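Residues per chain, in single letters:
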Amino acid sequence: MSTRILLVEDHRLVREAVRDALRKEPDFAVIGEVGSSHEALQSAQSLTPDVIILDIGLPDFSGIELTRRLRQSGCAARIVALSAYAEKHFVTEMLRAGAAAYVSKNAAGTELVQAIRAVERGQHYVSPDVTGNLVSQLRDQGSDGQNRKLGRREREVLRLIAQGQRSPDIAAQLRISIGTVEAHRRNIMRKLDLHSVAELTTYALREGIVPL
Ligand code: CA
């Protein structure tokens, strides 16, 4: 049985390129092609495709909103987002809306085929160049990664600061100089991009470095 695919993309050239890439797969059948979100909603209902490949940038409303509405309408098709945007915001919103795959428009046709095969098996797929970008953005912004970046001694110092201890007390307790405590404090603030003891305390509580 072939995989029935609906293609949603307003740019004719991209649509043709995708169609050509899929035509090489004998078990794939492109059963419909539309260029707007409204048409996509109608076609999804009338054609009941197995897989919908959709662009984020569509003329009426975005592919993210389209995915949300498809899900709300009870559409069971697996959704593969095809996008030129690799920003974390677009990827997470798309996956949160219910897409099973996120393929970069820079990707080769073989990658799109791979993504379709993955979602058919019930798996997820995100293009390697998108995940690479995602990981570096998370590393820059996320708190989990930053927490792990702290050394063991820095975590100790952070815990004592968050417990309200002053540098001389921390120095005495850890048997290090006050200057070393101050250096740790500066490094912690720089690594976490935090600027006051209050912020450090909030962070330590949130990350479980000190118990609530
Ligand atoms: Ca577009």
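No experiment lies behind these values; they were computed from the predicted model shown.

Q: Hey, could you run me through the environment of Leu-70 in this one?
A: With respect to the helices and strands, Leu-70 occurs in helix 3 (residues 63–72). The class for Leu-70 is buried, based on a relative accessible area of 1%. A C-alpha to C-alpha distance of 9.0 Å links Leu-70 and Gln-45, two positions 25 residues apart in sequence. Dropping the residues within four chain positions of it, Leu-70 is found in contact with Leu-41, Ala-44, Ile-52, Leu-54, Cys-75 and Ile-79.

Q: Any chance you could explain the packing of aromatic side chains here in plain terms?
A: Between two aromatic rings, the relevant description is the distance of the centres plus the angle of the planes. The full count for this structure, using the stated rule, is zero aromatic pairs. Over the ring of Phe-61 we find Arg-69, and its NZ or CZ is 4.0 Å from the ring centre.

Q: Before we go on, may I ask you to explain the pairing of strand 5 (residues 101–104) in this structure?
A: Every regular strand shows the same layout, with side chains that alternate between the two sheet faces. Residues Ala-101 and Val-103 of strand 5 are buried on one face, and the alternating residues Tyr-102 and Ser-104, pointing to the opposite face, are buried as well. Examined bridge by bridge, strand 4 (residues 78–83) and strand 5 share four bridges and lie parallel to one another. Paired with Val-80 across the strands is Ala-101, a residue of strand 5. Tracing the backbone out of strand 4, into helix 4 (residues 88–97) and back to the parallel element strand 5 gives a crossover that is right-handed. In this structure, strand 5 lies alongside strand 6 (residues 125–126), joined through two bridges in parallel fashion. What sits directly across from Ala-101, in strand 6, is Tyr-125.

Rules used throughout
Sequence positions are assigned chain by chain, starting from 1 and proceeding in written order. Residue-level local features of this predicted model are given only where pLDDT is at least 70; pairs of side-chain atoms are given and counted only at 80 or more, and the full residue set underlies all totals for whole chains, interfaces and linings. No hydrogens and no water enter the side-chain calculation; it runs on all heavy atoms of the structure. For helices the rule is a DSSP run of H or I covering at least 4 residues; for strands it is a run of E covering at least 2, with both sets numbered from the N terminus onward. In this scheme, a residue with accessible area under 20% of its type's maximum is buried, one over 50% is exposed, and one in between is partly exposed, where area comes from a 1.4 Å probe on protein chains only. We call two residues contacting when some pair of their heavy atoms lies within 4.5 Å. Centre distance within 6.5 Å is the pairing criterion for rings of Phe, Tyr and Trp, where only the six-membered ring of Trp is used; planes under 30 degrees apart are then read as stacked, over 60 as edge-to-face, and the remainder as tilted. Only Lys NZ and Arg CZ are tested; either one counts as a charge over a ring when it is within 6 Å of the ring centre and within 35 degrees of the ring normal. If DSSP finds at least two bridges between two strands, the strands pair. Crossovers are marked right-handed if the path from the first strand over the helix to the second runs clockwise, as seen with the strands pointing away from the viewer.

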